[in-house]
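Fold and geometry: a report
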Amino acid sequence: MKTLTSFFNRVVQRYLPDALLFAIILTFLVYLLGVFFTDNSPVDMVTHWGLGFWDLLEFTMQMTLVVVTGYILANTPVIKRLLAKVSTFARTPVHAVMLVTIVSLIACLINYGFGLVIGALFAIHVAKHVPSVDYRILIASAYSGFLIWHGGFSGSIPLTIATPGHFLEESMGVIPVTKTLFSPTNLFIVIALLITLPLFNRYLLKNAESQLEDRTKWVIPNEEAAAVEHVTPMTPAEKLENSRTISLIIGIMGIAFIVYHFAVNGFNLNINIVNFIFLFLGILLHQTPKRFLDTVANGVKNAGGIIIQFPFYAGIMGMMIHSGLSEQIALWFVSVSTEQTLPYLSFLSAGLINIFVPSGGGQWAVQGPIMIQAAMELGADPAKTAMGVAWGDAWTNMIQPFWALPILAIAGLHIRDIMGFCVMILIFSFIPISIGFLLF
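As annotated in an unreviewed UniProt entry, the protein chain is Short-chain fatty acid transporter from Aeribacillus composti.

1. A closer look at the overall build of the protein chain
Along the backbone of the protein chain there are 22 helices and 0 strands. What you see for the protein chain is a C-alpha radius of gyration of 22 Å, in line with the 22 Å of a compact globule of 440 residues. Projected onto its principal axes, the C-alpha positions of the protein chain cover 75 × 50 × 45 Å. Scored against the burial criterion, the 440 residues of the protein chain give a buried share of 55%. Looking at the protein chain alone, contacts between residues at least 24 apart form 80% of all its contacts between residues at least 6 apart. Carbon and sulfur atoms provide 69% of the accessible area of the protein chain, an area that totals close to 19,100 Å². For the protein chain, the distance from the average position of its 21 positive side-chain charges to the average position of its 23 negative side-chain charges is 17 Å.

2. Observations regarding the pattern of salt bridges
Under the definition given, this model contains 1 salt bridge. With a closest N to O distance of 2.5 Å, D134 and R136 form a salt bridge. Using a relative accessible area of 6% as the deciding quantity, one classes D134 as buried.

3. Things to note about a nonpolar patch on the surface
The grouping of F153, F182, L187, I191, I195, L199 and F267 at the surface amounts to a nonpolar patch, some 710 Å² of accessible area in total. For F182, the position within the fold is in the loop between α10 (169–172) and α11 (184–207).

4. Looking at the packing of helix α4 (residues 57–74) against helix α15 (residues 289–299)
Two elements in contact, α4 and α15, have axes separated by 9 Å at closest approach and are oriented at 135°. Between α4 and α15, the angle falls in the class oblique. Classified by chirality, the crossing of α15 by α4 is right-handed. Contacts between α4 and α15 involve V68, Y71 and I72 on the former and, on the latter, F292, T295, V296, N298 and G299. Its residues placed into classes, the contact of α4 with α15 shows 5 nonpolar, 3 polar and no charged.

5. Considerations on the packing of aromatic side chains
Enumeration over the complete set of coordinates arrives at 24 aromatic pairs. Ring centres of F146 and W403 lie 5.3 Å apart, and the angle between their planes is 45°; this geometry places the pair in the tilted category. Linking F146 in the loop between α8 (135–144) and α9 (156–161) with W403 in helix α21 (residues 401–411), this pair joins segments that are 257 residues apart in sequence. Neither F146 nor W403 differs from the other in exposure class; each is buried.

6. Concerning the environment of I161
Here I161 is to be found in helix α9. Each C-alpha atom, one on I161 and one on H261, is 22 Å from the other, the two residues being 100 residues apart in sequence. Every residue in contact with I161, bar those within four places of it in the chain, is listed here: H166, M172, G173, V174, I175, T180, W364 and A386.

7. Things to note about the nonpolar core
Counting residues in each nonpolar core, the largest one holds 131 residues, and the members touching the most others are L138, Y143, F146, W364, W391, W403 and I418. Element by element, the count of residues in this core is highest for helix α22 (residues 415–439), at 12 residues. Sequence-distant contacts of W403, defined by excluding residues within four places in its chain, comprise F59, M63, Y112, L116, Y143, F146, P358 and N397. Among the nonpolar cores identified, the runner-up in size contains 6 residues, and I72, I283, F292 and A303 belong to it.

8. Let's talk about the environment of H150
Along the chain, H150 falls in the loop between α8 and α9. Note on H150: relative accessible area 0%, which makes it buried. In sequence terms H150 and W391 are 241 residues apart; their C-alpha atoms lie 6.3 Å from each other. Once residues lying within four places of it in the same chain are set aside, the contact partners of H150 are G155, S156, I157, P158, L181, G360, M387, A390, D393 and A394. Of note is the side chain of H150, whose polar atom sits 3.0 Å from the side chain of D393.

So, how was this worked out
- Residues numbered from 1 in each chain as written.
- Predicted model: local features only at pLDDT ≥ 70, side-chain atom pairs only at ≥ 80, totals over all residues.
- Heavy atoms only, no water.
- Helix = DSSP H or I, 4+ residues; strand = E, 2+ residues; numbered from the N terminus.
- Rg over C-alpha atoms; globule rule 2.2 N^0.38 Å.
- Buried < 20%, exposed > 50% of the residue type's maximum accessible area, 1.4 Å probe, protein only.
- Contact = heavy atoms within 4.5 Å.
- Areas by Shrake-Rupley, 256 points an atom, 1.4 Å probe, with all protein chains shown as cover.
- Lys, Arg positive; Asp, Glu negative; His and termini not counted.
- Charge placed at Lys NZ, Arg CZ, Asp CG, Glu CD.
- Salt bridge = Lys/Arg side-chain N within 4 Å of Asp/Glu carboxyl O.
- Patch = residues over 30% accessible without salt bridge, like charges linked within 9 Å, V, L, I, M, F, W, Y side chains within 5 Å.
- Axes fitted to C-alpha atoms, helices over the stretch in contact; angles between N-to-C directions.
- Parallel < 35°, antiparallel > 145°, perpendicular 65-115°, else oblique.
- Left-handed = near helix turned anticlockwise from the far one by under 90°.
- Nonpolar A, V, L, I, M, F, W, Y, C, P; charged D, E, K, R; others polar.
- Phe/Tyr/Trp six-rings, centres within 6.5 Å; stacked < 30°, edge-to-face > 60°.
- Core = buried A, V, L, I, M, F, W, Y, C linked by side-chain atoms within 4.5 Å.
- Polar contact = N/O pair within 3.5 Å; in protein donor to acceptor, adjacent residues only side chain to side chain.

Here's what the structure looks like:
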């Protein structure tokens, strides 16, 4: 294990470029694949790329707000004290890694956006409490919890097919979450990862190469907002900026809508309501508009990578979808499937496609119709086939920088700092996921 971990770390540190360059190289790769393996001309591929480039603008803004609102909330005195208190349960590096993994897994099981932010912020507090821990492995552990998201309560595929009127309802009907999220297959995988992943990350820490001589490279971000000099408000504008009443009124309005949302929709914790909760709790807990805005100014510095890189992934998705590349990959896996193997091969194919189309909803729109049609023709279980696509999407996120960007932005690291460990987590997680689909 130590040799394998060291090997991946050396390879990643030496050859893996910055996350933006990774996206650009992936763009070149998909472009060439489309030219040589589909009927699309070079001009067609450029057109697909350019037309798709801005298709993720809404999602880019959502993920930008995940980082910014998470930073705002974490920088309030109440939340900082809470995270710092929980972090005291970690007394050694081993405790630190296991605790961060458990918190991240549970948070991502509840909601993926919530888990991404909480995992990273909690890891920073734990690192400050246990400074001897390898910070890279701690952040990789925080990200590893994201493995579980598509088998949890915010999984886009199981929630989509449980919603009346979804685009595949005519072919597969409406499938309740009792047959997807609460199926034996999904329950086994989720429970297995909840139990084994903290232990594996502990093992990963113990077998990692010592980096004590290089520890100064891993600078733990200081999430404190810049100190604001206390000045007695004099002008009407200054009085408004320092008004607790303004923050209280708008904060109460936000809380009222949150209560209304859950009263009407039940426990629907989508990414928009998560951002809404983070934002208005931040306004209330910072108490004045000036303190809130000073924290916002610091928080937006973390979101640059997301803003620039997500359009490149949208362009890649545009080439994959409109050139037919993603369809060709899915059809090849279907061609070698049987009734028994289709759900598992759906998982493998989704894992491959996810590297190029790192969006659960986008991937389901492309791959779902093919896999469900195959399931109907072969007599395979459509619910299990759908969860195969869901888990494939979640699995290879471990080696796809797209979803790591929010955590890396908060943590102040580069993708090469954690990718070697994430490769090991990818290899390990393949075991319980495969067992779940092959035996249950």
